[in-house]
Amino acid sequence: MTEETGRIENIAGPVVECSGIPAVRMYEVVRVGNQQLIGEVIEVGEEEFTAQVYEETSGIAPGEPVHATGDSLSVELGPGLLGSIYDGIQRPLPDLREMSGDFITRGLSVEGLNKEKKWQFTPSLKVGDSVEPGDFIGDVPETGIITSKILIPLGVKGEIIEIAKKGEYTVNETICKVKDAQGDVHSVMMMQRTPVRVGRPFKERVGMHTPLITGQRVIDTFMPQAKGGTGAIPGGFGTGKTVTLHQFAKWADAQVVVYVGCGERGNEMTEALEEWPHLKDPKSGRPLMERTVLIANTSNMPVAAREASIYVAVTIAEYFRDQGFDVALMADSTSRWAEALREISGRLGQLPSEEGYPAYLGSRLAQFYERGGRVKTLGSGDRMGSVTVCGAVSPPGGDFSEPVTQATLRIVKVFWALDKDLAARRFFPAINTLTSYSLYFGTLQKWQEDNMGKDWPDLVKEALALLQKDQELREIVQLVGPDALPESERAILEAARMIKEDFLTQSALHEIDTYSPIGKTYRMLRIIIKFSKKMTEAVQLGVQVRRILELSVLDNIARMKISPWDSYNETMDTIERKIDGEFQSLLQELSESGLLHHESAQ
Amino acid sequence: MSKASSIVYRTVSDVSGPLLVAENTHDVAYNEVVKIRSPSGELLTGTVLETGKGRAVIQVFEGTSGLDTDVTAVRFTGETLKLPVSSEILGRVLDGAGNPLDKGPPLTAEDHWDIYGSPINPYARQYPRQPIQTGVSAIDGLNTLVRGQKLPLFSGSGLPHNRLAAQIVRQAKIPGEESDFAIVFGAMGITATEAQYFMQSFEETGALEHTTLFLNLADDPAIERIITPRAALTAAEYLAYTADMHVLVLLTDMTNYAEALREISAARSEVPGRRGYPGYLYTDLSLIYERAGRIHGRNGTITQMPILSMPQDDMTHPIPDLTGYITEGQMIVGRGLHRRGIFPPIDPGPSLSRLMKEGIGEGMTRFDHKEIQAQLYYAYSEGRDLRDLVAVVGSEALTDRDQKYLKFADRFEAEFINQGEYEDRSFEQTLDIGWNLLSDFPERELKRCDPETISWARNKGVYKPN
């Protein structure tokens, strides 16, 4: 890694042309100008090369020096990632604040992991054991939720000749020495450095049979995500993309969450930073921040670092996957990332394709989403890990026909369509059940039948059929008014209304309703479908819908979403009994007064 | 960037649109300020957009008319664009680049601050949680503005957004902290009549004392509009973070700003994005809007209210669209309400303040604020839906309940939203008017309010159901 120095030739915004380093490689990190700004080579020519600079370039002049570092853009992986908040190139924001105050100035250099902090390491192997890349050599209790595994890095294979005793070590102390077949000795530390632009290797991809439970009823029911799956959530501003992704990050049953705020609002990251440490994981009762890594490259931070932030995030996610965890990666928003690509491409003078985006937009998006998946990891044994990728898309004007949305939809398997009209009616989450889809329905069905209930697929089908029919009927109502509908169709409208109001709407702000355990989601839908069936039967017997709507169990149903996480089963049992009871007495009352017969004869 | 700044180049090779190209330049820095002397002896200012290979591309803020390739002289100053800042800036009227327009002395400088600023570290931000009282019920009651928020006004041509802006400047305050409150007003491309109107209205009410104006008029150079919001925000940052003030920044009209940006982008033959605006419009706008905020350990805050006119009232036009993606909500100035003579014609339907939930309630506005806001929203949208229905089936077909909602929607517009240009309402008054209007409904219709809150309002005498 010999350093070489060249000079700046030309500057236009974040794109800087340089010369004088013939050996410079594509994607090599360079330090630009007297202030040593961090940049990355994105074009190499015969004499000159072009770098994108991750910091503001005002005041930099041609003739200033450029240093090649010999390294490509990499992240530091090891204990200390969880609970951290980084900028787009893995500089810890609290450290930046300590160095430069409340505003981020330029030329600051901070490493991703703390090198002073000591971690409790417990070896799991001993001298003489043979190891290959990906093997565990010990673990470190990183937070109250996650015990990190220390992995043998790539390129190290052989026999352990030395391993540290149980004790406290920093991330760059040698804790293990491995002698390979050639007799060379490799030192292993807890920390690894990995380049961000290529995926970390694994053995093979495996099937995705387990859903990622998000705790959001509309998603877990109608368009479930699989662990290791890919999904996109496009929507205009104000439709709730960020709230939905925040909800995923807070409640999804992944073991580790990586959240990247890419070109979005500063106050949103602040909200996460202030709120998440106080929220408790429903399973372990520990603060949610203990399983979370935040990456914040807000819209006013340099645009080139925005491009890098997505890769930094996915590399961190893969590192936890390789330890055998189920990881969820939220990217808000991939459109801002695509715009960064467009800006850099425009400054390079590349030929634009649709709406000014570069022609490689689709392939770059595909490369990113393809880094998600459920895999058999490196290392001995059949260890599985997954990275689930959920990306927000911000289409201009809410128009889904634009290039980023379209390119994304060609890759992802789950599509959550946010609907401006629903949002305007304050119907949240504003996800359109009829246009959204999940291609994991089939593969997840077995898990759902085993873990939720045999009848779950049928319940979902019936609910969807009701919603579909509801939409058709509404068009008629708009033309002729509700009075023209027969009672049986009014019953469908009512059932659909119950699904929408009592099941699909879910308040992210309510302390209980914000998260719905999967068992509760199942019981709620079962109750509504049961009620709907009873209602249809009763209407066939001649009962007016108006009478059914007077049943007091409807109040219980309207309130079931706020029944507590740990005791909802009792509430649901009571409601089911009450439905049976009230319908029975209604029918009895009406048949005694002869109304049933009378009305059915009408 | 230390270098001899005395070299004068007479090597202009090209003048086109707002751009000037100088050749044989050495060590010119990106974004550096350039002084240009025109053949007629006028002194102009510009900044470097691209530099290298012995050539510098310069954008000229005053426009390039009168410049030639022969006599025009160019001097690079070695500095980036800076604004002299001090607390004395309050009460001053400046041009779009920060030079005094009033008869006052030159700006005194405690310091010179780079007008491009630096991004706030997200880790240093504090979530906005305290309200600003604008004295306008449609904002304070329904979509409260919170200190540190950026909340734009989306308007259209012919709508009274400037009168509303002037009213907000006159009335905006933080109850109990009046002395620490300041306003920075950045105008881009407004007409001389409008400027006159603003000046007069601030002077009359004494609001000028705690206001700084940056005025770039419609006939001022368009390219200067690139600096105006940045200069205004630099002044605001000084007042907020050095003088511990709560600063409200109004920027009007952002559409003119974006057009100036487009002009430069076109002159540089950049690849255009939607409707000819440059692909980096989002990033550029966010560099302005994200300068709003609140920081841990600092007393001052910056709140922004950018005003923009939507071409053809089209909210999907790139300027309102990208603005909406960055700001924390939006206020819509509605043409329908305006035609019905309601002032201010803020349409509650599509308006939204995302940060309101944390900024209202006990200790901030009043404890019943959340409930009554939800109830008013609900009742008004019921009423509005019924209006559509009445148009189809006639009002005779409505039930008593529906009639009440219909009537409520009319009264709500006439008495709550409508308040005239010179009425300043406190939070207390606004919420009381809300309760008064709800008196048309019996208690059981107020499903969004807690029974205890309702009986509190009844005891207070503001909710009087018959």
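Structure: see above.
This one's a predicted model, so the numbers in the text were calculated from it and none came from an experiment. (Residues numbered from 1 in each chain as written. Chains lettered and ligands numbered in written order. Predicted model: local features only at pLDDT ≥ 70, side-chain atom pairs only at ≥ 80, totals over all residues. Heavy atoms only, no water.)

## Comments concerning the interface of chain A and chain B
Using the following cut-off: We call two residues contacting when some pair of their heavy atoms lies within 4.5 Å. Computed with a 1.4 Å rolling probe, the buried area is the accessible surface lost when two parts are put together, summed over both parts. Should a side-chain nitrogen of Lys or Arg be within 4 Å of a carboxyl oxygen of Asp or Glu, the pair is scored as a salt bridge. What qualifies as a polar contact is a pair of N or O atoms within 3.5 Å, subject to a donor-acceptor requirement within protein and to the restriction that residues adjacent in sequence count only when both atoms come from side chains. Helix and strand definitions here come from DSSP, where helices need a minimum of 4 consecutive H or I residues and strands a minimum of 2 consecutive E residues; each element is numbered from the N-terminal end. Polar here means any residue other than Ala, Val, Leu, Ile, Met, Phe, Trp, Tyr, Cys and Pro, which are nonpolar, and Asp, Glu, Lys and Arg, which are charged; Gly is therefore polar.
Counting from both sides, the interface comprises 60 residues of chain A and, opposite them, 62 residues of chain B. Taken together, both faces of the contact between chain A and chain B bury some 5000 Å²; the carbon and sulfur share is 54%. The largest per-residue losses of area from chain A upon contact with chain B belong to A:Phe237, A:Arg265 and A:Asn267, which jointly make up 16% of the total buried on that side. Run the count over chain A and chain B and you get 5 salt bridges. Here chain A is connected to chain B by 30 residue pairs in polar contact (both at pLDDT 80 or more). Looking at the side of chain A that touches chain B, the elements with two or more residues in it are strand S1 (4-12), helix H1 (93-100), helix H4 (266-275), helix H5 (303-322) and helix H6 (334-347) of chain A. The leading source of residues in the side of chain A that touches chain B is H4(A), at 8 residues. Class assignment of the residues belonging to the side of chain A that touches chain B gives a composition of 21 nonpolar, 19 polar and 20 charged.

## Thoughts on unusual backbone geometry
Note: most residues except glycine have negative phi, and most peptide bonds are trans. Cis peptide bonds are those with omega within 30 degrees of zero, and the linkage from A:Phe428 to A:Pro429 qualifies with -5 degrees. With respect to the helices and strands, the residue A:Pro429 is situated in the loop between helix H9 (420-424) and strand S28 (437-438). A cis geometry characterises the amide bond from B:Phe343 onward to B:Pro344, with omega recorded as -10 degrees. Among the secondary structure elements, B:Pro344 is positioned in the loop between helix H8 (335-339) and strand S20 (346-353).

## Examining the pattern of salt bridges
Residue and element names in this part refer to chain A. Counted only if it meets this: Per-residue accessibility, obtained with a 1.4 Å probe over protein chains only, is compared with the maximum for each type, and a residue is labelled buried under 20%, exposed over 50%, and partly exposed between these values.
A complete count under the given rule lists 79 salt bridges over all chains for this structure. Of the charged contacts in the structure, one is a salt bridge between glutamate 449 and lysine 454, with a shortest N-O distance of 3.5 Å. Judged by its relative accessible area of 23%, glutamate 449 falls in the partly exposed class. When its relative accessible area of 60% is taken as the criterion, lysine 454 is described as exposed. One salt-bridge network, held together by shared partners, links Asp71, Glu76, Glu111, Lys115 and Arg193.

Keep in mind these values describe shape, not function.
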